[in-house]
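A closer look at the structure
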Amino acid sequence: MAADVGNAYLNAPTKEKVYIITGPEFGPEEGRVAVIVRALYGLKSSGAMWRSHFAATLFDLGFISCLADPVVWLHPATKENGKEYHEYILVYVDDLLVCSHRASQLLNDRSTGTI
């Protein structure tokens, strides 16, 4: 099952302080200095911050990164009949391909958390 993480970069915190001067879309706050606390599309480090945040989230959920290809994450699982297998999540920027006996349940469970 394939999925796209909506507004992916906004899920990752920034590691450095980025300051902006607010524009007219901020209404009465226009012209004030603001600090960016989330990765934004367009910042040079946003992709790396998103990847780091997402990798930490998958690791916390019990997935491990494949040594041969670090964008492939695997997790041991057991079917209802007791047969063991591995669940896979392949990540390309903010697109996911989930290979699992229970892919839709896996995405729903994870999407209500931190992914």
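Procedures and definitions
Residues numbered from 1 in each chain as written. Predicted model: local features only at pLDDT ≥ 70, side-chain atom pairs only at ≥ 80, totals over all residues. Heavy atoms only, no water. Phe/Tyr/Trp six-rings, centres within 6.5 Å; stacked < 30°, edge-to-face > 60°. Helix = DSSP H or I, 4+ residues; strand = E, 2+ residues; numbered from the N terminus. Buried < 20%, exposed > 50% of the residue type's maximum accessible area, 1.4 Å probe, protein only. Lys NZ or Arg CZ within 6 Å of the ring centre and 35° of its normal. Pairing = 2+ DSSP bridges. pLDDT = per-residue confidence, 0-100. Expected span 1.5 Å × (residues − 1).

What follows is about the packing of aromatic side chains. Taken as a whole, this structure holds 2 aromatic pairs when the rule is applied. Between the aromatic rings of Tyr9 and Tyr41, the centroid separation amounts to 4.3 Å while the plane-to-plane angle is 10°, which identifies the pairing as stacked. On the criterion of sequence distance, the pair formed by Tyr9 in the loop between β1 (2-4) and β2 (13-21) and Tyr41 in the loop between β3 (33-38) and α1 (46-60) is long-range, its members being 32 residues apart. For Tyr41, a relative accessible area of 48% translates into the label partly exposed. Above the plane of the ring of Tyr85 lies Lys79, whose end atom (NZ or CZ) is 5.9 Å from the centre.

The next subject is the pairing of strand β6 (residues 84-92). With burial as the criterion, only one face of β6 is covered, namely that bearing Tyr85, Glu87, Ile89 and Val91; the residues Glu84, His86, Tyr88, Leu90 and Tyr92 on the opposite face remain uncovered. The pairing of strand β5 (residues 72-78) with β6 spans 7 bridges and is classified as antiparallel. Counterpart to His75 in the pairing with β6 is Glu87. The antiparallel pairing of β5 with β6 creates a hairpin that spans 5 residues between the two strands, and Gly82 there sits at a positive phi of about 95°. In this structure, β6 lies alongside strand β7 (residues 95-99), joined through 5 bridges in antiparallel fashion. Counted as the bridge partner of Ile89 is Val98 from β7. Counting the residues between successive antiparallel strands, the hairpin from β6 to β7 contains 2 residues, one of them, Val93, with a positive phi of roughly 55°.

Take the confidence of the model for the protein next. Taken as a whole, the protein shows an average pLDDT of 88; of its residues, 94% reach a score of 70 or greater. Least confident of the elements in the protein is helix α2 (residues 103-111), whose mean pLDDT is 69; most confident is strand β4 (residues 64-65), at 96.

With that settled, consider α1. Because each turn of an α-helix spans 3.6 residues, side chains separated by three or four positions in sequence point in the same direction. With 15 residues, α1 extends 21 Å from end C-alpha to end C-alpha; this agrees with the ideal 21 Å at 1.5 Å per step. Just beyond α1, the residue with positive phi is Gly62, at close to 100°.

A word on the pairing of β5. Counting buried positions over the 7 residues of β5 gives 5, a clear majority of the element. Between the antiparallel neighbours β4 and β5 lie 6 residues.

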